[in-house]
Amino acid sequence: MRKSSYCVLNKQYKPEEYNQLLEKIIGHMKSTGEWGEFFPVKLSPFGYNESTAPDYFPLTKEEAVKGGFRWAGRTSGLFGKETITWDRIPQQIDKVDDSIVKEILICEKCKKNFRILLQELNFYRKIRIPLPRHCPDCRHGERLAKRNPRKLWPRKCQCAGEKSENSVYQNTAKHSHGNNSCTNEFETSYSPDRKEIVYCESCYNSEIV
Ligand SMILES: [Zn+2]
Ligand SMILES: [Zn+2]
Ligand SMILES: [Zn+2]
């Protein structure tokens, strides 16, 4: 069936049959609103909260269910099977024995069980950092929380000519707008209430490039 023509799924048709069938299938899909769309959510065996979708589009349970998604009562994972507690594990990585890879650990945040792989242990030893006390899922969430939100705010450049508006940053180069405040406006993932100084591309490049 590889590289064959006039096939629907794993069945081959005569060209005329195929063209008729194609028209019928596409017509049906258009009538149900499925044509050109992703697979319908009702085919998904997973809960919305078990997928990576909430990383980008966080929804409450009510919103997800209203949108036709499933919702998992308790997300997957092992609980209550830990073989060691954190008070018995040294804080300094040098004092952690290889036998830790045989133990089942417990996440200090969500209580889910997790393990440490030997390669992981060797990596922590190499860069001299303690064992993580949070499970991989919680660590993933913590890394995501450090990123800027997937949202843009309209803002004005905070360059006031010789320094930043709040006088915290002293410019090191001459800008195209001279000693007047820059009037450029743009969209940024840094919300207006954040403390970072936000320059437009031109002012930023004048300082950095
Ligand atoms: Zn966790
Ligand atoms: Zn500017
Ligand atoms: Zn400027």
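Cut-off values and rules
Per chain, the residues get numbers from 1 upward, laid out in the order the sequence is written. Lettering for chains starts from A, numbering for ligands starts from 1, and both go in the order in which the items are written. Since the coordinates come from a predicted model, pLDDT governs what is reported: local features require at least 70, and pairs of side-chain atoms require 80 or more to be given and counted, while whole-chain, interface and lining totals use all residues. The side-chain quantities take in all heavy atoms of the structure and omit both hydrogens and water. Only nitrogen, oxygen and sulfur atoms within 2.8 Å of the metal, or 3.2 Å for Na, K and Ca, are treated as donors, and water is left out, so sites may look incomplete. Think of it in three bands: residues with accessible area under 20% of the maximum for their type are buried, residues over 50% are exposed, and the middle band is partly exposed, with areas taken using a 1.4 Å probe on protein chains only. The numbering of helices and of strands both runs from the N terminus, where a helix is a DSSP run of H or I of at least 4 residues and a strand a run of E of at least 2. Pairing between two strands is assigned when DSSP locates at least 2 bridges connecting them. In these descriptions, tetrahedral denotes four donors with every angle between 85 and 135 degrees, square planar four donors and octahedral six donors with opposite donors over 155 degrees apart and the rest between 65 and 115, and irregular any other case. As annotated, the domain borders come from an automatic or database domain assignment. Stacked, tilted and edge-to-face pairs are distinguished by plane angle, under 30 degrees for stacked and over 60 for edge-to-face with tilted covering the rest, among Phe, Tyr and Trp rings (Trp via its six-membered ring) whose centres lie within 6.5 Å. Each patch is assembled from residues with relative accessible area greater than 30% and no salt bridge, linking like charges that lie within 9 Å and nonpolar side chains (Val, Leu, Ile, Met, Phe, Trp, Tyr) that lie within 5 Å. Here the Shrake-Rupley method, with its probe set to 1.4 Å, supplies the accessible areas, and only the displayed protein chains count as covering residues. Whenever a carboxyl oxygen of Asp or Glu lies within 4 Å of a side-chain nitrogen of Lys or Arg, that contact is scored as a salt bridge.

## Some details on the coordination of the zinc ion (ligand 1)
Protein coordination at the zinc ion (ligand 1): the donors are Cys 107 (SG), Cys 110 (SG), Cys 135 (SG) and Cys 138 (SG), at 2.3 to 2.4 Å from the metal. The sequence motif formed by the donor residues of the zinc ion (ligand 1) is C-x2-C-x24-C-x2-C. Judged by relative accessible area, which is 30%, Cys 110 ranks as partly exposed.

## With respect to the pairing of strand β5 (residues 153-156)
The side-chain alternation of β5 yields one buried face, formed by Trp 153 and Arg 155, and one unburied face, formed by Pro 154 and Lys 156. Across four bridges, the pairing between β5 and strand β6 (residues 185-188) is antiparallel. Residue pairing for β6: Arg 155 is matched across the bridge by Phe 186.

## Structural notes on the coordination of the zinc ion (ligand 2)
Tetrahedral coordination by four donors puts the ideal angle at the metal at 109.5 degrees, and octahedral coordination by six puts it at 90 or 180 degrees. Summarising the metal site, the zinc ion (ligand 2) is bound by the protein donors Cys 157 (SG), Cys 182 (SG), Cys 200 (SG) and Cys 203 (SG), whose distances to it range over 2.3 to 2.4 Å. Taken together, the four donor atoms surrounding the zinc ion (ligand 2) define angles of 102 to 114° at the centre, an arrangement classified as tetrahedral. The metal-metal distance between the zinc ion (ligand 2) and the zinc ion (ligand 3) is 4.2 Å, with Cys 203 coordinating both. Placement of the pair is Cys 182 in the loop between β5 and β6 and Cys 200 in the loop between β6 and α6 (201-208), with a sequence separation of 18 residues.

## Section: the domain arrangement of the chain
Its domain assignment divides the chain into domain 1 (86-146) and domain 2 (148-209). Distance between the C-alpha centres of domain 1 and domain 2: 40 Å.

## Considerations on the packing of aromatic side chains
One pass over the structure, following the stated rule, counts four aromatic pairs. Taken together, a centroid distance of 6.2 Å and an interplanar angle of 80° make the contact between Tyr 169 and Tyr 199 edge-to-face. You can see Tyr 169 sitting in the loop between β5 and β6 and its partner Tyr 199 sitting in the loop between β6 and α6, a full 30 residues away along the chain. Owing to a relative accessible area of 13%, Tyr 199 belongs among the buried residues under this scheme.

## Section: a nonpolar patch on the surface
Together, Phe 123, Ile 127 and Ile 129 line one region of the surface with nonpolar side chains, adding up to about 250 Å² of accessible area. Structurally, Ile 129 is set in the loop between α4 (118-126) and α5 (136-146).

## Side note on unusual backbone geometry
Its identity is not glycine, yet Lys 3 carries a phi of approximately 55°, on the positive side. The exposed category is assigned to Lys 3, whose relative accessible area is 88%.

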